[in-house]
Amino acid sequence: MFRLLFVLFIIIPIIEIFVLIQVGAVLGVWPTIGMVIFTAWLGAKYVRQQGISTLNSVQTKMAQGQMPSDEIVTALMLLVAGVLLVTPGFVTDFLGLSLLIPAVRHTIAGSVMSHISSNNANQQGFQFHSHSHSHGQSQNQDDFSKQPESPFQENLQPPHEGQTLDGEFERKD
């Protein structure tokens, strides 16, 4: 984590300053400033446009009862793209504009989703289940059927953590 923060706050600004000086030396001060402002405006315009499209997609998926996980990752990447594009400099503008390309976003989203899935699988792979033996039979004691040994003992662990329980309800007013 320290390395990431070091790169973000020390190395990238140094690279940005170097590139701005080089471009300013070739094009001049005012064209360089104009290009930085133009790329920030153009990026903000496209981030807004694609953000609205992503929001519409999220609403459609939620209306269909589906989880919009890909759209959430896309929205986060668009947020990062917006921050990069508003930050003055050509390197951050290049990175921000590259996040506006759908193919780049899908590639990054796929790698992020697979990383998240592998982390969840690793964390859920070490769950323990308790079994009690009585009357010669093995009975599974899940959190719903456990009775506390004393009236003051409470089960503070959530039941079936990491699993989704599906059910129906009916409101009777």
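See the structure shown above.
Residues numbered from 1 in each chain as written. Predicted model: local features only at pLDDT ≥ 70, side-chain atom pairs only at ≥ 80, totals over all residues. Heavy atoms only, no water.

Focus: the overall build of the protein
Consideration 1: Within the protein one finds 5 helices and 2 strands.
Consideration 2: Within the protein, the proportion of its 173 residues that are buried is 16%.
Consideration 3: Considering only contacts within the protein whose residues lie at least 6 apart along the sequence, 47% involve residues at least 24 apart.
Consideration 4: On the protein, roughly 13900 Å² of surface is accessible, and the fraction owed to carbon and sulfur atoms is 64%. (Helix = DSSP H or I, 4+ residues; strand = E, 2+ residues; numbered from the N terminus. Buried < 20%, exposed > 50% of the residue type's maximum accessible area, 1.4 Å probe, protein only. Contact = heavy atoms within 4.5 Å. Areas by Shrake-Rupley, 256 points an atom, 1.4 Å probe, with all protein chains shown as cover.)

Some points on the nonpolar core
Consideration 1: Membership of the largest hydrophobic core is limited to 9 residues, which are V47, V73, M77, L78, A81, L85, L99, L100 and A109.
Consideration 2: By residue number, the principal contributor to this core is helix 3 (residues 69–86), which donates 5 residues.
Consideration 3: With sequence-adjacent residues up to four places away left out, A81 is seen in contact with V47, G96, L99 and L100. (Core = buried A, V, L, I, M, F, W, Y, C linked by side-chain atoms within 4.5 Å.)

Section: the pattern of salt bridges
Consideration 1: Inspection of the entire model under this criterion finds 1 salt bridge.
Consideration 2: For E71, the salt bridge is made with K61, and the minimal N-O distance between the two is 3.7 Å. Of the two residues, E71 sits in helix 3 while K61 sits in helix 2 (residues 29–63), which places them 10 residues apart along the sequence. (Salt bridge = Lys/Arg side-chain N within 4 Å of Asp/Glu carboxyl O.)

Comments concerning the packing of aromatic side chains
Consideration 1: Evaluation of the coordinates by the stated rule reveals 2 aromatic pairs.
Consideration 2: Arranged with centres 5.9 Å apart and planes meeting at 35°, the rings of F38 and W41 form a pair that is tilted. Of this pair, F38 and W41 are both found in helix 2, 3 residues apart, which corresponds to roughly one turn of the helix.
Consideration 3: On the basis of relative accessible area, F38 is assigned to the partly exposed category, the value being 46%. (Phe/Tyr/Trp six-rings, centres within 6.5 Å; stacked < 30°, edge-to-face > 60°.)

Observations regarding the side chain of T92
Consideration 1: Locating T92 in the fold gives a position in helix 4 (residues 90–99).
Consideration 2: Residue classification places T92 among the buried residues on the basis of a relative accessible area of 5%.
Consideration 3: Ignoring sequence-local partners within four residues, the contact set of T92 consists of I12, E16, L84, L85 and T87.

Considerations on helix 2
Consideration 1: With 35 residues, helix 2 ought to run about 51 Å at 1.5 Å a step, and its terminal C-alpha atoms sit 51 Å apart, in line with that.
Consideration 2: Listed in full, the buried residues belonging to helix 2 are T32, V36, T39, G43, V47, Q50, T54 and V58.
Consideration 3: Just beyond helix 2, the residue with positive phi is G65, at close to 85°. (Expected span 1.5 Å × (residues − 1).)

As for the environment of V112
Consideration 1: Along the chain, V112 falls in helix 5 (residues 102–124).
Consideration 2: For the pair V112 and D70, spaced 42 residues apart in the sequence, the C-alpha separation amounts to 9.9 Å.

Things to note about the side chain of T74
Consideration 1: Along the chain, T74 turns up in helix 3.
Consideration 2: Here T74 falls in the buried class, since its relative accessible area comes to 13%.
Consideration 3: With residues near it in sequence (within four places) discarded, T74 still touches T54 and R105.

Quick look at helix 3
Consideration 1: Here helix 3 contains 18 residues, and its C-alpha end-to-end distance of 26 Å stays within 8% of the 26 Å for a straight helix at 1.5 Å per residue.
Consideration 2: The set of residues buried in helix 3 consists of E71, V73, T74, M77, L78, A81, G82 and L85.

Here we look at the packing of helix 2 against helix 3
Consideration 1: With their axes 9 Å apart at the nearest point, helix 2 and helix 3 run at an angle of 165° to one another. For the element pair helix 2 / helix 3, the angle class is roughly antiparallel. Here helix 2 and helix 3 pass one another in a crossing that is left-handed. Listed contacts from helix 3 to T39, A40, G43, A44, V47, Q50, G51, T54, S57, V58 and K61 of helix 2 are E71, T74, A75, L78, A81, G82 and L85.
Consideration 2: The residue makeup of the contact of helix 2 with helix 3, split by class, is 8 nonpolar, 8 polar and 2 charged. (Axes fitted to C-alpha atoms, helices over the stretch in contact; angles between N-to-C directions. Parallel < 35°, antiparallel > 145°, perpendicular 65-115°, else oblique. Left-handed = near helix turned anticlockwise from the far one by under 90°. Nonpolar A, V, L, I, M, F, W, Y, C, P; charged D, E, K, R; others polar.)

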